[in-house]
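Summary of structural features
One-letter residues, chain by chain:
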Amino acid sequence: MPIATPEVYNEMLDRAKAGKFAYPAINVTSSQTLHAALRGFAEAESDGIVQISTGGAEFLGGQHKKDMVTGAVALAEFAHIVAEKYDVNIALHTDHCPKDKLDGYVRPLLALSKKRVDAGLNPLFQSHMWDGSAETLADNLAIAQELLEQARAAKIILEVEITPTGGEEDGVSHEINDSLYTTVDDAIRTAEALGLGEKGRYLLAASFGNVHGVYKPGNVVLRPELLKELNEGVAAKFGKTSPFDFVFHGGSGSTEEEILTALENGVIKMNLDTDTQYAFTRPVADHMFRNYDGVLKVDGEVGNKKTYDPRTWGKLAEASMAQRVVEACKNLRSTGTRIK
């Protein structure tokens, strides 16, 4: 199927909310990791989301110029072509973008999609994320209002992060402390500033103790039940049941119980990066260790081309990452839910 149209993407999100499941949002940094994500979704018969962070876009742009927009656009255009060979609907998304990178990433991409829409085409990306968690909530929401208006004009959904996610991702870091929990007042202020759909649809990355990266059990206290409090607090004030479309950040290493509680309380998108990175790299490391004499020209020998050919270990990496995506779909209850 082709990349999801704005209408299909909205239907995907509506189905997830009604069915209490979520789509894995898989970070990709290459054509190969893109294929791994698409393959995983296809094998799970699940629609899904593929996303590119600022660091991923910079890497995709090449080390000569490291241009984020070039990298993101190039992979998105590639995805629009190859996704047609997979029997699932895929939405393209850009991940965390802080204030100092807006002008070099999200704003140009919004302008590009607006130009496409004005020409009668679909936007290049289906959603973009604004990460204003390092700003005051007032400044965060002021910028979000501006971006939401631009996104709506380009038939794009905006994702906003209103309070910090702990840990580090692409150079943006927050301490692990009590600020990692969004309050009902934060949620009400968000609804007052951005509306509840009438100003444009947005996804809300609220914080309930989330931390990016790898962590051991006990180091992080997740409270996904907090999402129910946020929804109920806003519903009581504005009279709209389950007003928010929630996003689960920092999901790697979460327990099955934590994930299920989050799904029951309105999460429809869950980011995965750390776990899929490891799944991709693990078989490559295994191959290199097992074929040391072949992948390296040791002691003047010529090595074994069949072992250092990138296609040899690349196929193993793709299969492993795809399997991790299949597992994510099962955990998030999206398996078998694709729109046919």
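Use the structure listed above.
Residues numbered from 1 in each chain as written. Predicted model: local features only at pLDDT ≥ 70, side-chain atom pairs only at ≥ 80, totals over all residues. Heavy atoms only, no water.

Here we take up the overall build of the chain. Of regular secondary structure, the chain possesses 13 helices and 10 strands. For 340 residues, the compact-globule estimate of 2.2 N^0.38 gives 20 Å, and the chain sits close to it at 20 Å. Taken along its principal axes, the extent of the C-alpha atoms in the chain is 75 × 50 × 40 Å. Counting every position in the chain, which comprises 340 residues, the buried fraction comes to 55%. Of the contacts formed within the chain by residues at least 6 apart in sequence, a portion of 74% connects residues at least 24 apart. With an accessible surface of roughly 15100 Å², the chain has 52% of that area assigned to carbon and sulfur atoms. Between the mean site of the 36 positive side-chain charges and the mean site of the 48 negative ones, the chain shows a separation of 5 Å. (Helix = DSSP H or I, 4+ residues; strand = E, 2+ residues; numbered from the N terminus. Rg over C-alpha atoms; globule rule 2.2 N^0.38 Å. Buried < 20%, exposed > 50% of the residue type's maximum accessible area, 1.4 Å probe, protein only. Contact = heavy atoms within 4.5 Å. Areas by Shrake-Rupley, 256 points an atom, 1.4 Å probe, with all protein chains shown as cover. Lys, Arg positive; Asp, Glu negative; His and termini not counted. Charge placed at Lys NZ, Arg CZ, Asp CG, Glu CD.)

In this section: the packing of aromatic side chains. On inspection of all chains with the given rule, the structure shows three aromatic pairs. Look at Phe-208 and Phe-248: their rings are 4.9 Å apart centre to centre, the planes differ by 70°, and that puts the pair in the edge-to-face class. On the criterion of sequence distance, the pair formed by Phe-208 in the loop between β8 (202–205) and α8 (226–238) and Phe-248 in strand β9 (residues 246–248) is long-range, its members being 40 residues apart. The exposure classification of Phe-208 matches that of Phe-248, with both residues buried. (Phe/Tyr/Trp six-rings, centres within 6.5 Å; stacked < 30°, edge-to-face > 60°.)

The next thing to look at is the packing of helix α4 (residues 68–82) against helix α5 (residues 106–118). Put simply, α4 and α5 touch, their axes get as near as 10 Å, and they point 40° apart. Taken together, the axis directions place α4 and α5 in an arrangement best described as oblique. Here the hand of the crossing between α4 and α5 comes out right-handed. Residues Val-69, Ala-72, Val-73, Glu-77 and His-80 of α4 pack against Pro-108, Leu-109, Leu-112 and Arg-116 of α5. Residue classes in the contact of α4 with α5 are distributed as six nonpolar, one polar and two charged. (Axes fitted to C-alpha atoms, helices over the stretch in contact; angles between N-to-C directions. Parallel < 35°, antiparallel > 145°, perpendicular 65-115°, else oblique. Left-handed = near helix turned anticlockwise from the far one by under 90°. Nonpolar A, V, L, I, M, F, W, Y, C, P; charged D, E, K, R; others polar.)

Here Thr-307 shows up in helix α12 (residues 305–308). A polar atom in the side chain of Thr-307 sits 3.4 Å from the backbone nitrogen of Val-295. In this structure the side chain of Thr-307 is engaged in a polar contact, spanning 2.7 Å, whose partner is the backbone oxygen of Asn-304. (Polar contact = N/O pair within 3.5 Å; in protein donor to acceptor, adjacent residues only side chain to side chain.)

Interpretation note: all reported values are geometric properties and have no functional meaning in isolation.
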